[in-house]
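Chain by chain, the residues run as shown.
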Amino acid sequence: MRLEVDGVSKAFGGTRVLDDVSLVVDDGELAAVLGPSGCGKTTLLRIVAGFESADAGSVAVGGADITSLPPERRRIGIVPQEAALFPHLTVRRNVGFGLPRGAASAERARECLDLVGLSGFGDRMPHELSGGQQQRVALARALAPGPGVVLLDEPFNALDRSLRVSVRDDVRDALKRAGATAVLVTHDQEEAMSMADTVAVMREGRIVQKDEPASVYAAPRDLGVATFVGEAVILPASAAGGVASCVLGALPYAAGGSEGQGRVAVRPEQFVLTVPGGGTVGRVERVEFFGHDAALTVVLDGERDGEGVVIRARTRGDAGHRTGDRVGVEVEGSVLFFVS
Ligand SMILES: Nc1ncnc2c1ncn2[C@@H]1O[C@H](COP(=O)(O)OP(=O)(O)OP(=O)(O)O)[C@@H](O)[C@H]1O
């Protein structure tokens, strides 16, 4: 069902934590709310769930205003940070916990375990599952009563990095199979971008941009969003006629229409390292090898404000650069330009 949060504000003891937040998540959409710690993500989720009341604004699910309903009447499913399964109940009984007793409920619990790829695990106890499996049971439990909206509050925090990626995929697949409308709260940019249909970037109690992941990355609204959703090298620049001039030369910048003094943001994957020639030249200071690719720190020749300009470039893992190499630095594609 469609979720509509409209003009929600909230203060705790005089400190405004949410400031006129509006967010629409379409039926079947998986939206990530992405923001740094303390920006108000959890508070927003708790207001949608009904655990906290808003000072102003409204929340509607499927067109029905639920602002003043208690949590249990909102038809909202929640997947918390840690699965929080009942340790003394089997997986099946955990999933069926919120359902009336009976054959239909047992069938529904089975269906939801199928959805999360855990059919056959119904008789296990929670301690017999991995952390990732426990999170999937928590999702099955949230889906079982057929909620209008599912809220996921940093659901992968407790998992180690290697497990996180596969559990993310499983959770996304299950949500899509269930046709659920879902809101995922996270401070992890990679998690938001890789899982969600749309990303709402939150900062200091406001949603500053909501778009598809590729659009947030390629056309961030301001420098803050640009650097929050991905790495970038920021350099002073002046822009006119679609070209931004900076220490790297005259670079075309993405549409936006602004001109004047400001800063460019260049993504690491836009740098192309070449044989040193007539253009920008630098020295490789550090190589971080990741296998599939590598990150190179390059100090450009010449100084600006008494210091060498440092860039970070992504290259193929097998490019073979070593610390101390002299390289030419070119920029591929359009950069981002923001007036300061
Ligand atoms: N019940 C409360 N009473 C007072 N202050 C609160 C309460 N709940 C949250 N806050 C404050 O509101 C701000 C936003 O908190 P919130 O938990 O919503 O942020 P967050 O973005 O979810 O952060 P994190 O990612 O660290 O969980 C914080 O400064 C927090 O200290």
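Since this is a predicted model, take the numbers as computed values, not measurements.

(A) Summary view of unusual backbone geometry. Residues other than glycine seldom take positive phi values, yet Glu154 does so here, at roughly 40°. We note that Glu204 has phi near 45°; this positive angle belongs to a residue other than glycine. In this fold, Glu204 is placed in the loop between strand E9 (198–203) and strand E10 (206–211).

(B) Representation of the site of the ligand within the structure. Residues in contact with the ligand, as listed here, are Phe12, Val17, Gly35, Ser37, Gly38, Cys39, Gly40, Lys41, Thr42, Thr43 and His187. At 3 residues, the largest contribution of residues to the shell around the ligand is made by helix H1 (residues 41–49). For the shell around the ligand, the per-class residue count stands at 3 nonpolar, 7 polar and 1 charged.

(C) Here's a closer look at the sheet that holds E9. Spatially, the 6 strands line up as an open sheet ordered E6-E7-E8-E3-E9-E10, and their pairing is mixed. What marks the edges here is a single partner per strand, and that holds for strand E6 (76–79) and E10. Across the sheet, the mean angle from the axis of one strand to that of its neighbour is 20°, orientation sign disregarded. Pairing of strand E3 (residues 30–34) with E9 involves 4 bridges; the strand directions are parallel. By the bridge assignment, Leu34 is partnered in E9 with Val201. Across the sheet, helix H4 (residues 131–143) is in contact with E6 and strand E7 (149–153); its angle to E6 comes to roughly 170°.

(D) The pairing of E6, seen in detail. Along E6, one buried face is formed by Ile76 and Ile78 and the opposite face, lined by Gly77 and Val79, is buried too. In terms of strand pairing, E6 meets E7 through 4 bridges, oriented parallel. Across the sheet, the residue bridging to Val79 is Leu152, located in E7.

(E) Region of interest: the UniProt feature "domain: ABC transporter" (unreviewed entry) in the protein. Taking the numbering used here, the UniProt-annotated feature "domain: ABC transporter" (unreviewed entry) corresponds to residues 3–229. For residues 3–229, helix accounts for 34% and strand for 26%, while the C-alpha atoms at its two ends are 24 Å apart.

(F) Fine view of the nonpolar core. Among the nonpolar cores identified, the biggest contains 96 residues, and Ala140, Val183 and Val264 are the most heavily contacted of them. Broken down by element, the residue count for this core peaks at 6 residues, all from H4. Contacts of Val183, omitting those with residues within four sequence positions, involve Leu3, Val25, Ala31, Val33, Leu45, Val149 and Leu151.

(G) H4, seen in detail. The end-to-end C-alpha distance of H4, which contains 13 residues, comes to 19 Å, matching closely the 18 Å that a straight helix rising 1.5 Å per residue would cover. With 12 of 13 residues buried, H4 is to be regarded as a mostly interior element. Among all positions of H4, only Gly132, Gln133, Gln134, Gln135, Arg136, Val137, Ala138, Leu139, Ala140, Arg141, Ala142 and Leu143 are buried. Contacts made by the buried residues of H4 are with E6, helix H2 (91–95), helix H3 (103–115), E7 and helix H5 (161–178).

(H) How the structure looks around H5. End to end, H5 covers 26 Å across 18 residues, agreeing with the expected 26 Å (1.5 Å per residue, within 8%). Taken as a whole, H5 has its buried residues at Arg164, Val167, Arg168, Val171, Ala174, Leu175 and Ala178. Buried positions in H5, seen along its axis, are confined to an arc of 140° and lie on one side of it. Away from the buried face of H5 by more than 90 degrees, exposed residues Ser162, Ser166 and Asp169 are located. Buried positions along H5 lie against E3, H3, H4, E7, strand E8 (182–186) and helix H6 (189–195).

(I) The sheet that holds strand E1 (residues 3–12), seen in detail. Taken in spatial order, the 4 strands of this open sheet run E2-E1-E4-E5, and their pairing is antiparallel. With one partner strand each, in any of the chains shown, strand E2 (15–25) and strand E5 (64–65) form the two edges of the open sheet. Judged from the 5 bridges that link them, E1 and strand E4 (residues 56–61) form a sheet pairing that is antiparallel. Of the residues in E4, the one forming a bridge with Asp6 is Ser58.

(J) Region of interest: the packing of H4 against H5. Packing of H4 against H5 leaves a shortest axis separation of 10 Å and a crossing angle of 20°. In terms of axis orientation, H4 runs roughly parallel to H5. As H4 runs across H5, the sense of the crossing is right-handed. Taken together, the residues of H5 that come into contact with H4 (itself represented by Gly131, Gly132, Gln135, Arg136, Leu139 and Leu143) are Leu163, Ser166, Val167, Asp170, Val171, Ala174 and Ala178.

(K) Inspection of the confidence of the model for the protein at higher detail. With 98% of its residues at a pLDDT of at least 70, the protein reaches an overall mean of 91. At the level of chain-chain contacts, confidence expressed as ipTM amounts to 0.94, with global pTM at 0.89.

(L) Seen up close, the environment of Val243. With respect to the secondary-structure elements, Val243 resides in strand E12 (residues 243–246). Val243 gets classed as partly exposed once you count the C-beta atoms within 10 Å, which come to 15. With 58 residues separating them along the chain, Val243 and Asp301 place their C-alpha atoms 23 Å apart.

(M) Geometry of the environment of Gly50. Mapped onto the fold, Gly50 is located in the loop between H1 and E4. Between the C-alpha atom of Gly50 and that of Met1, which follows or precedes it by 49 residues, the distance is 17 Å.

Criteria and cut-off values
- Residues numbered from 1 in each chain as written.
- Predicted model: local features only at pLDDT ≥ 70, side-chain atom pairs only at ≥ 80, totals over all residues.
- Helix = DSSP H or I, 4+ residues; strand = E, 2+ residues; numbered from the N terminus.
- Near = placed C-beta within 6 Å.
- Nonpolar A, V, L, I, M, F, W, Y, C, P; charged D, E, K, R; others polar.
- Pairing = 2+ DSSP bridges.
- Axes fitted to C-alpha atoms, helices over the stretch in contact; angles between N-to-C directions.
- Contact = placed C-beta atoms within 7 Å.
- Buried ≥ 20, exposed ≤ 12 C-beta atoms within 10 Å, placed from the backbone.
- UniProt positions renumbered as here; feature names shortened; annotations may be inferred.
- Core = buried A, V, L, I, M, F, W, Y, C linked by C-beta atoms within 7 Å.
- Expected span 1.5 Å × (residues − 1).
- Arc of directions from axis to C-beta.
- Parallel < 35°, antiparallel > 145°, perpendicular 65-115°, else oblique.
- Left-handed = near helix turned anticlockwise from the far one by under 90°.
- pLDDT = per-residue confidence, 0-100.

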